[in-house]
Amino acid sequence: MIKVENLHKNFKELHVLKGIDEEVKKGEVVVVIGPSGSGKSTFLRCLNLLEEPTNGKILYNGTNIIDKKNDINKHREKMGMVFQQFNLFPHMTVLDNVTLSPKKIKNMKEKEAKGVAFELLNRIGLANKAESYPNQLSGGQKQRIAIARALAMSPEVMLFDEPTSALDPEMVGEVLDVMKKLAMDGMTMVVVTHEMGFAKEVGDRVLFMDEGKVIEEDIPCNIFKRPQHARTKDFIGKVLHAY
Amino acid sequence: MDFSFLTRYYTMYLTGARNTILLALFSVLLGVIFGIALALMRLSKNPILKGFAASYIEFVRGTPLLVQLYIIYYGLPQVTGMRFPDLFAGIIALTFNSAAYIAEIIRAGILSIDKGQMEAARSLGMPYNMAMKHIIIPQAFKNILPALGNEFIVVIKESAIVSIIGIYDIMRTANIVRGNTYRPFEPLIVAAIMYFIITFTLSNLMRMAERRLRTGD
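Calculation criteria
- Residue positions are given per chain, counted from 1 along the sequence in the order it is written.
- Starting at A for chains and at 1 for ligands, labels are handed out in the order in which the entities are written.
- Since the coordinates come from a predicted model, pLDDT governs what is reported: local features require at least 70, and pairs of side-chain atoms require 80 or more to be given and counted, while whole-chain, interface and lining totals use all residues.
- Remark: hydrogens and water are excluded; side-chain values derive from all non-hydrogen atoms of the structure.
- Numbering of helices and strands runs from the N terminus; a helix is a DSSP stretch of H or I covering at least four residues, while a strand is a stretch of E covering at least two.
- Partly exposed residues are those whose accessible area sits between 20% and 50% of the maximum for their type, while under 20% is buried and over 50% is exposed, using a 1.4 Å probe and protein chains only.
- Note on definitions: a residue-residue contact is assigned when non-hydrogen atoms from the two residues lie within 4.5 Å.
- Only centres within 6.5 Å qualify two rings of Phe, Tyr or Trp (six-membered ring in Trp) as a pair; their planes then separate them into stacked at under 30 degrees, edge-to-face at over 60, and tilted for everything else.
- Only when the NZ of Lys or the CZ of Arg is both within 6 Å of the ring centre and within 35 degrees of the ring normal is a charge said to sit over the ring.
- A quick way to say it: buried area is the sum, across both parts, of accessible area lost when two parts are put together, with a 1.4 Å probe.
- By convention in these notes, a salt bridge is any Lys or Arg side-chain nitrogen within 4 Å of a carboxyl oxygen on Asp or Glu.
- In protein, a polar contact means a hydrogen-donor-capable atom and an acceptor-capable atom, both N or O and within 3.5 Å, with residues adjacent in sequence counting only if both atoms are side-chain atoms; elsewhere, any N or O pair within 3.5 Å suffices.
- Note on pairing: DSSP must find at least two bridges between two strands before they are called paired.
- Angular values range over 0 to 180 degrees, each being the angle between N-to-C directions of two axes fitted as lines to C-alpha atoms, with helices fitted over their stretch in contact.
- To sort the angles, those under 35 degrees are grouped as roughly parallel, those over 145 as roughly antiparallel, those from 65 to 115 as roughly perpendicular, and the leftovers as oblique.
- Residues are grouped as follows: Ala, Val, Leu, Ile, Met, Phe, Trp, Tyr, Cys and Pro are nonpolar; Asp, Glu, Lys and Arg are charged; every other residue, Gly included, is polar.
- One less than the number of residues in a helix, times 1.5 Å, gives the span that helix is expected to have.
- To get the bend at a given residue, fit one axis to the seven residues ending there, fit another to the seven starting there, and take the angle between those axes.

Enquirer: Explain unusual backbone geometry to me, and be specific about the residues and the numbers.
Expert: All names here are of chain A. Here Asn61, not a glycine, exhibits a phi torsion of approximately 45°, which is positive. Take Asn61: it is sitting in the loop between strand 4 (55-60) and strand 5 (63-64). We note that Phe86 has phi near 65°; this positive angle belongs to a residue other than glycine. Examined against the element boundaries, Phe86 turns out to sit in the loop between strand 6 (79-82) and helix 3 (94-105).

Enquirer: Break down the environment of A:Gly56 for me, citing the residues and quoting the values.
Expert: Residues and elements named next belong to chain A. Counting through the fold element by element, Gly56 comes out in strand 4. The exposure class of Gly56 is partly exposed, given its relative accessible area of 25%. Apart from the residues lying within four places of it in its own chain, the contact partners of Gly56 are Glu5, Asn6, Leu7 and Ile66.

Enquirer: Could you give me a rundown of the packing of aromatic side chains, with the residues and numbers involved?
Expert: Within the structure shown, the criterion is met by eight aromatic pairs over all chains. Relative to B:Phe5, the ring of B:Phe3 has its centre 6.1 Å away and its plane inclined at 40°; by these criteria the two rings are tilted. Classification of B:Phe5 as buried rests on a relative accessible area of 7%. Ring centres 6.5 Å apart and planes at 90° place the aromatic pair B:Phe34 and B:Phe96 in the edge-to-face group. Here B:Phe34, found in helix 1 (residues 5-43), pairs with B:Phe96, found in helix 4 (residues 86-111); they are 62 residues apart in sequence, far enough to count as distant. Its relative accessible area of 41% is what places B:Phe34 among the partly exposed residues. Taken together, the ring pairs connect B:Tyr70, B:Tyr73 and B:Tyr74 into an aromatic cluster. Here the guanidinium or amino end of A:Lys9 rests over the ring plane of A:Phe11, the centre of that ring lying 4.8 Å away. Over the ring of A:Phe224 we find A:Lys200, and its NZ or CZ is 5.5 Å from the ring centre.

Enquirer: Please set out the interface of chain A and chain B residue by residue, giving values where relevant.
Expert: Interface size is commonly expressed as the accessible area that is lost once the parts come together. Each partner contributes residues to the interface: chain A has 24 residues there, and chain B has 21 residues. Here chain A packs against chain B, burying approximately 1,900 Å² in sum over the two surfaces, 59% of which is carbon and sulfur. Of all residues in chain A, A:Asn73, A:Phe89 and A:His91 give up the largest surface area on contact with chain B, accounting jointly for 26% of the area buried on that side. With its nearest N and O atoms 2.6 Å apart, the salt bridge here joins A:Arg45 to B:Glu119. Applying the counting criterion to the chain A and chain B interface returns six residue pairs in polar contact (both at pLDDT 80 or more).

Enquirer: Can you tell me about the sheet that holds strand 10 (residues 213-218) of chain A, naming the residues and giving the values?
Expert: Residue and element names in this part refer to chain A. With mixed pairing, the six strands of this open sheet are ordered in space as 6-7-8-3-9-10. Both edges of this open sheet fall to strand 6 and strand 10, since each of them pairs with a single strand only. Strand-to-strand twist in this sheet, taken as the mean axis angle between neighbours without regard to direction, amounts to 20°. In this structure, strand 9 (residues 205-210) lies alongside strand 10, joined through five bridges in antiparallel fashion.

Enquirer: Please set out the packing of helix 6 (residues 128-158) of chain B against helix 8 (residues 186-213) of chain B residue by residue, giving values where relevant.
Expert: Residues and elements named next belong to chain B. Where helix 6 meets helix 8, the axes come as close as 10 Å, and the angle between the chain directions of the two elements is 170°. Classified by the angle their axes make, helix 6 and helix 8 are roughly antiparallel. Residue-level contacts link Lys142, Leu145, Pro146, Leu148, Gly149, Phe152, Ile153, Ile156 and Lys157 of helix 6 to Tyr195, Ile198, Thr199, Leu202, Ser203, Met206, Ala209, Glu210 and Leu213 of helix 8. Residues that form the contact of helix 6 with helix 8 fall into these classes: 12 nonpolar, three polar and three charged.

Enquirer: Talk me through the sheet that holds strand 5 of chain A; I want residue IDs and the actual numbers.
Expert: Residues and elements named next belong to chain A. Strand order in this open sheet of four strands is 2-1-4-5, and the pairing throughout is antiparallel. The sheet is open, and its two edges are formed by strand 2 (14-24) and strand 5, each paired on a single side. As defined by bridge partners, strand 4 adjoins strand 5 across two bridges and the pair is classed as antiparallel. Opposite Tyr60, over in strand 5, you have Thr63 as the bridge partner. Here helix 1 (residues 40-47) sits on the sheet in contact with strand 1 (2-11), strand 2 and strand 4, set at roughly 120° to strand 1.

Enquirer: I'd like a rundown of helix 3 (residues 65-80) of chain B, residues and numbers included.
Expert: All names here are of chain B. With 16 residues, helix 3 extends 21 Å between its outermost C-alpha atoms, agreeing within 8% with the 22 Å of an ideal straight helix rising 1.5 Å per residue. If you look at helix 3, its biggest bend is around 30°, right at Tyr74, and the proline Pro77 turns up within four residues after that. All of the buried residues along helix 3 are Leu65, Gln68, Leu69, Ile72, Tyr73 and Pro77. Of the surrounding elements, those touching the buried residues of helix 3 are helix 2 (47-62), helix 4 and helix 6. Of the residues flanking the end of helix 3, it is Gly81, one or two places downstream, whose phi is positive at about 75°.

In structure tokens, the structure reads:
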């Protein structure tokens, strides 16, 4: 579904991604782990061109999305993204947050958009917050709404950029639960996270990144129980120790 | 102090007030429209648009309004070959002037919005202009409302300067009444009070608008 070939990204002098070759299959849940500064988020943000790659190809169902001829907005419609800082639109109600893009981009009628929104809000258990404004919500609620907002565009892939890192510990669970359900429903997902429990339980494949490269990748139990590479061992040892 | 001249001249003052309000209203409305355009140009990646907007803003901020007014008043007919009503020249001059200040206010407002907002909008598939219109500018406006209200009040006060090209605004009325009655002082007091009533009403309206926009906070 997504094929990444020799992806490089430079921020001025800083070489953040040093040649990444990856493939994400339909329905697969890929979890990206690694120390901070390893390029995980940059890699994820390249997938919908929030960062413009310096070099390489990103093929989405065969089309190179980096090619300027292809409409990036059309591509982004198919790719939902969830951010660490939620980034809900604070000047709109929850309902408007969720219905805005289906109405404006897909020209969906008000009634239909509302229907879609309430179905999603029901699924995450927040239909009663439809008329609230984002800053009346807790962090966990905000992030669940952000997921619903992305899903309202019926994306084919969901990208998660450290979705639980800005949450209070007691709210991490409710967000991970929504993500787990999503994965079970067969959504293709790429998740950058520090939640090793989630990676183990939900991930089909785990990528370990360090210094701009994918050092090691495998099914979760192998990565966590039998890491091959010294740096993976070191990292897994540290994070699992913290548990 | 003797204000008995008012019985004779109050209609003139009211006409003056109407013209001052018309002048300020149109200048501010057009100023906001041009100001948004200038701010977006200045924030764009296109070096020509950016350079134009930046130099325009610097020029307007760096020259006196009186000079700008004369340039428009005497220059416009010469360049276009057409005669414009005085009020029109006044509105153009004030618009061009306030647009530059409003552009800077709007630019600051847009820059004050967290870049995650633009990213979230773009990640949903919104094109840049749509994201600006629905996400960034509404939030920016809320933040800059106090500064914008300030600029509106400045425009109303600065509009007194157009009396110099013969527009019958409050200031010009005061000058005429001064000449006719040989009273140098009282007609100005009346003008000052009228300006104050207009600006004070406006600042209260702006405060109400701010409160309404704060519902989401």
